[in-house]
Amino acid sequence: MQTLFWIGIFLATFCIMEFMAWFTHKYVMHGFLWVLHKDHHRKDHDSWFERNDAFFIFYAVVSMSFIGIAVNTGFWQGWPIGLGILAYGIAYFLVHDIFIHQRFKMFRNANNWYARGIRRAHKIHHKHLGKEEGECFGMLFVPLKYFKK
C-alpha cells in the first residue's frame, strides 16, 4: 500500500511542478526576476550559460532538500517529492534546453504531433522579447490550440 502512495506522491509532484514552472515563469521570471530571465529571450551574449539557468539551481536545491529530509528523518514522503521534482527537472531540461533550444544537438528530427505543438507554443512565447505581453508560460502541457494547424 505504501508503494502506491509513493507512486501517487511522485506523479502528483511531477504534475504540480508543471504548474510551478508555469507560475514561476509567468510571475517570477517575467516579473521581479526578469533580470535573470531576459538573457534567455534576448540572445545578446556569447556564453553557453545564461543567468536564466539560476532557476534550475533553485529547484535542484528544493529537490535535494526534500531527499535530505527523507534521509535524515522519518518523513518518507520526502523521497517521492524530491524525486518527482528531479524527474520534472530532467524532463524540462530535455524538452526545453535540448529539444527546443538545441543547447545540445539532439532530438532534431522529432516531428510528431506533440513535438510540433510544444515547439509552436514555445516559439509564440519567445516572439515577445520583453517581460510584458507574454503568452504560453507552460512547458510540457500547453493549450490545445498549439497542436492544431
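Everything here concerns the structure above.
Residue positions are given per chain, counting from 1 as you read along its sequence in written order. Given that this is a predicted model, residues contribute local features only at a pLDDT of at least 70 and side-chain atom pairs are listed and counted only at 80 or more, while totals for whole chains, interfaces and linings are drawn from all residues. Side-chain descriptors were evaluated using all non-hydrogen atoms of the structure, hydrogens and water having been removed beforehand.

Peer 1: Please set out the side chain of glutamate 18 residue by residue, giving values where relevant.
Peer 2: Helical segments are the DSSP runs of H or I of at least four residues, strand segments are the runs of E of at least two, and each set is numbered from the N terminus. Inspection of the secondary structure puts glutamate 18 in helix H1 (residues 2-32). Each residue's exposure class comes from its accessible area (1.4 Å probe, protein chains only) as a fraction of the maximum for that residue type: buried when under 20%, exposed when over 50%, partly exposed otherwise. In this count, Lys and Arg are taken as positive residues and Asp and Glu as negative ones, while His and the chain termini are left out. Salt bridges, as used here, are contacts in which a Lys or Arg side-chain nitrogen is within 4 Å of a carboxyl oxygen on Asp or Glu. Buried within the structure, glutamate 18 lacks any salt-bridge partner; its nearest side chain of opposite charge belongs to lysine 26, at an N-O separation of 13 Å. Contacts: residue pairs with any heavy atoms within 4.5 Å of one another. Leaving out residues up to four positions away in the same chain, glutamate 18 has contacts with Tyr88, Gly138, Met139, Leu140 and Phe141.

Peer 1: Any chance you could break down the packing of helix H4 (residues 78-100) against helix H5 (residues 113-126) for me, citing the residues and the numbers?
Peer 2: In this description, a line fitted to the C-alpha atoms serves as the axis of each element, helices being fitted only across the stretch in contact, and the angle between N-to-C directions of two axes falls anywhere from 0 to 180 degrees. Remark: H4 packs on H5, axes separated minimally by 12 Å, with the N-to-C direction vectors making an angle of 80°. One finds that H4 runs roughly perpendicular with respect to H5. Facing H4, whose interface residues are Val95, His96, Phe99 and Ile100, H5 presents Ala115, Ile118, Arg119 and His122. Asp, Glu, Lys and Arg are counted as charged, while Ala, Val, Leu, Ile, Met, Phe, Trp, Tyr, Cys and Pro are counted as nonpolar; the rest, among them Gly, fall into the polar class. By residue class, the composition of the contact of H4 with H5 is 5 nonpolar, 2 polar and 1 charged. Oblique is the label for any angle not covered by the other classes, which are roughly parallel (under 35 degrees), roughly antiparallel (over 145) and roughly perpendicular (65 to 115).

Peer 1: Describe in detail the packing of aromatic side chains, supporting the description with residues and values.
Peer 2: The aromatic pairing rule takes the rings of Phe, Tyr and Trp, using the six-membered ring of Trp, and pairs them if the centres are within 6.5 Å, calling planes under 30 degrees apart stacked, those over 60 edge-to-face and the rest tilted. The final tally for this structure, using the stated rule, is 12 aromatic pairs. With a centroid separation of 6.2 Å and 10° between ring planes, the pair formed by tryptophan 6 and phenylalanine 10 is classed as stacked. With tryptophan 6 and phenylalanine 10 both in helix H1 and 4 residues apart, the pair spans about one turn of that helix. Classification of tryptophan 6 as partly exposed rests on a relative accessible area of 30%. According to the relative accessible area criterion, phenylalanine 10 is partly exposed, its value standing at 23%. Plain terms: the ring middles of phenylalanine 56 and phenylalanine 93 are 6.4 Å apart, the flat faces sit at 80° to each other, and that makes the pair edge-to-face. Taken together, the residues phenylalanine 56 in helix H3 (residues 54-72) and phenylalanine 93 in helix H4 connect sequence positions 37 residues apart. A residue is classified by how much of its surface remains accessible, and phenylalanine 93, at 29% relative accessible area, is partly exposed.

Peer 1: Can you explain H4? Please cite residues and give values.
Peer 2: Working rule for helices: expected span equals 1.5 Å times residues minus one. For H4, with 23 residues, the first-to-last C-alpha span of 31 Å sits near the 33 Å given by 1.5 Å per residue. Glutamine 102 lies just past H4 and shows a positive phi near 55°.

Peer 1: Let's hear about the environment of isoleucine 67: which residues, and what values?
Peer 2: If you trace the backbone, isoleucine 67 turns up in helix H3. Looking at isoleucine 67, the relative accessible area reads 18%, which means it is buried. Separated by 14 residues in sequence, isoleucine 67 and isoleucine 81 place their C-alpha atoms 7.8 Å apart. Non-local contacts of isoleucine 67, meaning those with residues more than four positions away in its chain, are made with Gly78, Trp79, Gly82 and Leu83.

Peer 1: Tell me about the side chain of threonine 24, and please be specific about residues and values.
Peer 2: One can find threonine 24 in helix H1. For threonine 24, a relative accessible area of 9% corresponds to the buried category. Separated by 2.7 Å, the side chain of threonine 24 and the backbone oxygen of methionine 20 make a polar contact. Whenever a nitrogen or oxygen atom comes within 3.5 Å of another N or O atom, the pair is scored as a polar contact, on the condition that within protein one atom can donate a hydrogen and the other can accept it, and that pairs from neighbouring residues in sequence are kept only if both atoms are in side chains.

Peer 1: Provide a residue-level description of the environment of arginine 51, including the pertinent values.
Peer 2: Looking at the secondary structure, you find arginine 51 in the loop between helix H2 (34-41) and H3. Setting aside residues no more than four positions away along its own chain, arginine 51 makes contact with Val35, Leu36, Lys38 and Asp39. A polar atom in the side chain of arginine 51 sits 3.2 Å from the backbone oxygen of valine 35.

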